[in-house]
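# Results of the structural survey
Listed here are the chains, written in short residue letters.
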Amino acid sequence: MTSDRPAYRRLLLKLSGEALMGDDAFGINRDTIVRIVGEVAEVTRMGVQVAVVIGGGNIFRGVAGGSVGMDRATADYMGMLATVMNSLALGDTMNKAGLTARVMSAIAIEQVVEPYVRPKALQYLEEGKVVIFAAGTGNPFFTTDTAAALRGAEIGAEIVLKATKVDGVYSADPKKDPSATRYGHLTFDEAMRNNLGIMDAAAFALCRDQNLPIKVFSIFKVGALKRVVMGEDEGTLVHL
């Protein structure tokens, strides 16, 4: 039996940049970002504190060809700047939807967004604002998955919600294998043993070491975010 109260007080939502594209080849699809913001607004109205880390693939893929042969660190910094653009778009859409969003960047660009300062981020969350963490960790060679795990641990999130195109973790690719089954829950060790690739190794290890569970679910499934927050059987929970 599920409770009528949220299962989590504070969470970290990890969105891929591709989640903002909708059916477009790259960039930001307006209808898609408005719908995602609507789902976030629904859970914040329930009193849940929400922080967001977003990737930059939807923007960076448009310049990826030009980055071939480029220094890896330079390309990673370009990717970080793409996440800042996505974060600004997400924050603006949230503010227009009646939420109060604050974008905090791991790279100093104070004319555009404020720098990431942990006590300030915690204050914003306590005030009911949505905090969007931009520019990854601020360091090359680390993914936005790692940024999500790091920020989730720093702010004391109870769970990292990894929003994907698939409604959980499956025993095989459900598009290729009709007999593939969705895992309701997995331990970190089981996920590693089966090489399920839920997050990159650094992010996954950080979540495991900090006992920070991960829930994989589909952001394209209407109402899925609320069902996850309410503790319903949605997606796949990865835990110790």
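Before reading further, recall that the structure is shown in the block above.
## Considerations on the overall build of the protein chain
Summing up its helical and strand segments, the protein chain has 8 helices and 9 strands in all. In terms of overall dimensions, the protein chain is globule-like: its C-alpha atoms have a radius of gyration of 17 Å, near the 18 Å expected for 240 residues. Projected onto its principal axes, the C-alpha positions of the protein chain cover 50 × 45 × 35 Å. Across the protein chain, every contact between residues at least 6 apart in sequence was considered, and the portion connecting residues at least 24 apart equals 73%. Accessible surface, the protein chain as shown: approximately 11300 Å² in total, 52% of it carbon and sulfur. Charge separation in the protein chain, taken as the distance between the mean sites of 26 positive and 27 negative side-chain charges, equals 2 Å.

## Notes on the packing of aromatic side chains
Within the structure shown, the criterion is met by 2 aromatic pairs. For the pair Tyr116 and Phe133, a centre-to-centre distance of 5.4 Å together with 90° between the ring planes defines the contact as edge-to-face. Placement of the pair is Tyr116 in the loop between strand E4 (114-115) and helix H4 (118-126) and Phe133 in strand E5 (residues 130-134), with a sequence separation of 17 residues. Accessibility assignment for this pair places Tyr116 and Phe133 in one class, buried. Note on Phe188 and Phe204: the rings are 5.0 Å apart at their centroids and 70° apart in plane angle, and the pair reads as edge-to-face. In this pair, Phe188 is assigned in helix H6 (residues 188-193) and Phe204 in helix H7 (residues 201-209), connecting sequence segments 16 residues apart.

## A few points about the packing of helix H5 (residues 144-154) against H7
Direction vectors running N to C along H5 and H7 enclose 15°, while the axes themselves pass 8 Å from each other. It follows that H5 is roughly parallel to H7 by the angle criterion. Considering only the axes of H5 and H7, their crossing is left-handed. Between H5 and H7, the residues in contact are Asp145, Thr146, Ala149 and Leu150 and Ala202, Ala203, Leu206 and Cys207, respectively. Broken down by class, the residue content of the contact of H5 with H7 amounts to 6 nonpolar, 1 polar and 1 charged.

## Remarks on the sheet that holds strand E3 (residues 101-105)
Either a parallel or an antiparallel arrangement is found when strands of a sheet pair, and the pairing is made through backbone hydrogen bonds. The mixed open sheet is built from 9 strands, whose spatial order is E4-E3-E5-E2-E1-E6-E8-E9-E7. Only two strands of the sheet have a single partner each, and these edge strands are E4 and strand E7 (185-187). As judged from the 3 bridges shared by E7 and strand E9 (residues 236-239), these two strands associate in the parallel manner. When the bridges of E9 are listed, His185 appears paired with Leu237. Running over the sheet, helix H1 (residues 30-44) touches strand E1 (10-15), strand E2 (49-54) and E5 and is turned about 155° from E2. Sheet strands touched by H5: E1, E2, E5 and strand E6 (159-164). Its angle to E1, the strand with the most contacts, is close to 175°.

## A look at H7
For an α-helix, the turn length of 3.6 residues means that residues three or four places apart are oriented alike. Of all the residues in H7, the buried ones are Ala203, Phe204 and Cys207. Around the axis of H7, the buried residues are gathered within 95° of arc, so they sit on the same side. For H7, the exposed residues lying more than 90 degrees away from the buried face are Ala201 and Asp209. Packed against the buried residues of H7 are H5, E6, H6, strand E8 (214-218) and E9. Asn211 sits one or two positions beyond H7 and adopts a positive phi of about 50°.

## What to know about the layout of surface pockets
In this structure, the largest pocket spans a volume of roughly 540 Å³. For the largest pocket, the lining is made up of 29 residues, of which Gly55, Gly56, Gly57, Thr143 and Thr144 are closest to its centre. Elements represented by at least two residues in the lining of the largest pocket include exactly helix H2 (57-60), helix H3 (72-96), H5 and E6. In terms of residue count, H3 provides more of the lining of the largest pocket than any other element does, 6 residues in total.

Criteria and thresholds
- Residues numbered from 1 in each chain as written.
- Predicted model: local features only at pLDDT ≥ 70, side-chain atom pairs only at ≥ 80, totals over all residues.
- Heavy atoms only, no water.
- Helix = DSSP H or I, 4+ residues; strand = E, 2+ residues; numbered from the N terminus.
- Rg over C-alpha atoms; globule rule 2.2 N^0.38 Å.
- Contact = heavy atoms within 4.5 Å.
- Areas by Shrake-Rupley, 256 points an atom, 1.4 Å probe, with all protein chains shown as cover.
- Lys, Arg positive; Asp, Glu negative; His and termini not counted.
- Charge placed at Lys NZ, Arg CZ, Asp CG, Glu CD.
- Phe/Tyr/Trp six-rings, centres within 6.5 Å; stacked < 30°, edge-to-face > 60°.
- Buried < 20%, exposed > 50% of the residue type's maximum accessible area, 1.4 Å probe, protein only.
- Axes fitted to C-alpha atoms, helices over the stretch in contact; angles between N-to-C directions.
- Parallel < 35°, antiparallel > 145°, perpendicular 65-115°, else oblique.
- Left-handed = near helix turned anticlockwise from the far one by under 90°.
- Nonpolar A, V, L, I, M, F, W, Y, C, P; charged D, E, K, R; others polar.
- Pairing = 2+ DSSP bridges.
- Arc of directions from axis to C-beta.
- 1 Å grid on protein atoms, 1.4 Å probe; cavity = no way out; pocket = protein on both sides within 12 Å on 5 of 7 lines; lining within 4 Å.
- Points joined across faces, edges and corners; volume = space filled by probe spheres on them.

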